[in-house]
Amino acid sequence: DQQVKQNSPSLSVQEGRISILNCDYTNSMFDYFLWYKKYPAEGPTFLISISSIKDKNEDGRFTVFLNKSAKHLSLHIVPSQPGDSAVYFCAASAKYGGSQGNLIFGKGTKLSVKP
Amino acid sequence: DTGVSQDPRHKITKRGQNVTFRCDPISEHNRLYWYRQTLGQGPEFLTYFQNEAQLEKSRLLSDRFSAERPKGSFSTLEIQRTEQGDSAMYLCASTPDGLAGPRETQYFGPGTRLLVL
């Protein structure tokens, strides 16, 4: 049973427009959420995170929104650039409940930004 | 370069052979995690160390897998009697303690891609 779901395997966006990547989770114990970007044959690169006590966190072109009641988060990239083309993973962790902070990942969304 | 490093980056082996991977975390990070990623999936947690103590192991970590972090610095992951199903990317990540930064943000190495023939 997947605890973190990214239901869109792929997304194509025009350069300069907004990219919106979505993520849903089922475990109410999750209290920290992260987005990672991954190029082929490389490890995931940390992008941005958000604690469950917040509903928005912004870092340059990247903004993450958290809706706890809906158990949903999204990553907005504005404006999108061709270099943003990669696979984006949503991840969640729980400080309590025995998980020791290990990350639970979704399956990823492949973003393609077209010039 | 002060990021997480992993060695080797690629490994091809025959079924039944043993392989060992190494991870060097960011120097001030005391928590170290191993993950495995297969095609079309996100990384899946394998095991976790705080300093030299192995505190948690996933059900994915069969008895053919063993991990160590003898001095609380680098870590090794060994797979004995490899099977074709072990083919995957093996990722290492480390986190700072709460004094140096958010505990929950994990920083990943480049991974070791294993192919078992």
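As a convention, each chain's residues are numbered from 1 in the sequence order in which they are written. To label them, take the chains in the order written and letter them from A, then take the ligands in the order written and number them from 1. Only residues with pLDDT of at least 70 are given local features in this predicted model, and only at 80 or more are side-chain atom pairs given and counted; all residues enter the totals for whole chains, interfaces and linings. Side-chain numbers here rest on the full set of heavy atoms in the structure, without hydrogens or water.

Caption draft 1: Layout of the overall build of chain A. Helix and strand counts for chain A come out as zero helices and eleven strands. For the purposes of this entry, the term helix denotes a DSSP run of H or I that reaches at least four residues, the term strand denotes a run of E that reaches at least two, and both are numbered from the N terminus. Traced from its N-terminal end to its C-terminal end, chain A shows the element sequence β-β-β-β-β-β-β-β-β-β-β. Computation of the radius of gyration draws on C-alpha atoms alone. For the globule rule, the value is 2.2 Å times the number of residues to the power 0.38. Computed over its C-alpha atoms, the radius of gyration of chain A comes to 14 Å, within 12% of the 13 Å expected for a compact globule of 115 residues. Taking the principal axes of its C-alpha atoms as reference, chain A extends roughly 45 × 30 × 20 Å. Each residue's exposure class comes from its accessible area (1.4 Å probe, protein chains only) as a fraction of the maximum for that residue type: buried when under 20%, exposed when over 50%, partly exposed otherwise. Taking all 115 residues of chain A together, 45% fall into the buried category. Any two residues whose heavy atoms approach within 4.5 Å at even a single point are treated as in contact. Excluding contacts between residues fewer than 6 apart, the proportion of contacts in chain A whose partners are at least 24 apart in sequence is 55%.

Caption draft 2: Molecular detail of the interface of chain A and chain B. Tallying the contact residues gives 22 residues for chain A and 24 residues for chain B. When two parts are put together, the accessible area they lose, computed with a 1.4 Å probe and summed over both, is reported as buried area. Across the interface of chain A and chain B, roughly 1,800 Å² is buried in total on both sides, 55% from carbon and sulfur atoms. Note on definitions: salt bridges are taken to be side-chain nitrogens of Lys or Arg within 4 Å of carboxyl oxygens of Asp or Glu. At the surface where chain A touches chain B, the tally comes to zero salt bridges. N or O atoms within 3.5 Å of each other form a polar contact, as long as, within protein, one can give a hydrogen and the other can take it, and as long as residues adjacent in sequence are counted only when both atoms are side-chain atoms. At the surface where chain A touches chain B, the tally comes to five residue pairs in polar contact (both at pLDDT 80 or more).

Caption draft 3: Up close: the state of the cysteines. For the purposes of this analysis, a disulfide is any pair of cysteine sulfur atoms at a distance within 2.5 Å. If you walk through the whole model with that rule in mind, you get two disulfides over all chains. Residue pairing for Cys-23 of chain A: its cysteine sulfur links by disulfide to Cys-90 of chain A, the two sulfurs lying 2.1 Å apart. Disulfide Cys-23 of chain A-Cys-90 of chain A: torsion about the S-S bond near -75 degrees, hence left-handed. Here Cys-23 of chain A, found in strand β3 (residues 19-25), pairs with Cys-90 of chain A, found in strand β9 (residues 86-93); they are 67 residues apart in sequence, far enough to count as distant. For the pair formed by Cys-23 of chain A and Cys-90 of chain A, the shared burial category is buried. At a sulfur-sulfur separation of 1.8 Å, the disulfide partner of Cys-23 of chain B is Cys-92 of chain B. The chirality of the disulfide connecting Cys-23 of chain B with Cys-92 of chain B is left-handed, given an S-S dihedral of about -65 degrees. In this pair, Cys-23 of chain B is assigned in strand β3 (residues 19-24) and Cys-92 of chain B in strand β9 (residues 88-95), connecting sequence segments 69 residues apart.

Caption draft 4: Main features of unusual backbone geometry. Along the chain, Val-78 of chain A connects to Pro-79 of chain A via a cis peptide bond; the corresponding omega equals -10 degrees. Looking at where Pro-79 of chain A falls in the secondary structure, it is placed in the loop between β8 (72-77) and β9. Residue Asp-7 of chain B is joined to Pro-8 of chain B through a cis peptide bond whose omega torsion reads -5 degrees. By secondary structure assignment, the location of Pro-8 of chain B is in the loop between β1 (5-7) and β2 (10-13). Positive phi is not limited to glycine here, since Lys-71 of chain A has a value of about 50 degrees. Mapped onto the secondary structure, Lys-71 of chain A falls in the loop between β7 (62-67) and β8. A positive phi angle, near 55 degrees, is found at Asn-51 of chain B, a position not held by glycine. Its location among the elements puts Asn-51 of chain B in the loop between β5 (44-50) and β6 (53-57). By relative accessible area, which is 33% here, Asn-51 of chain B ends up partly exposed.

Everything listed here is a matter of coordinates, which is why it stays silent on function.
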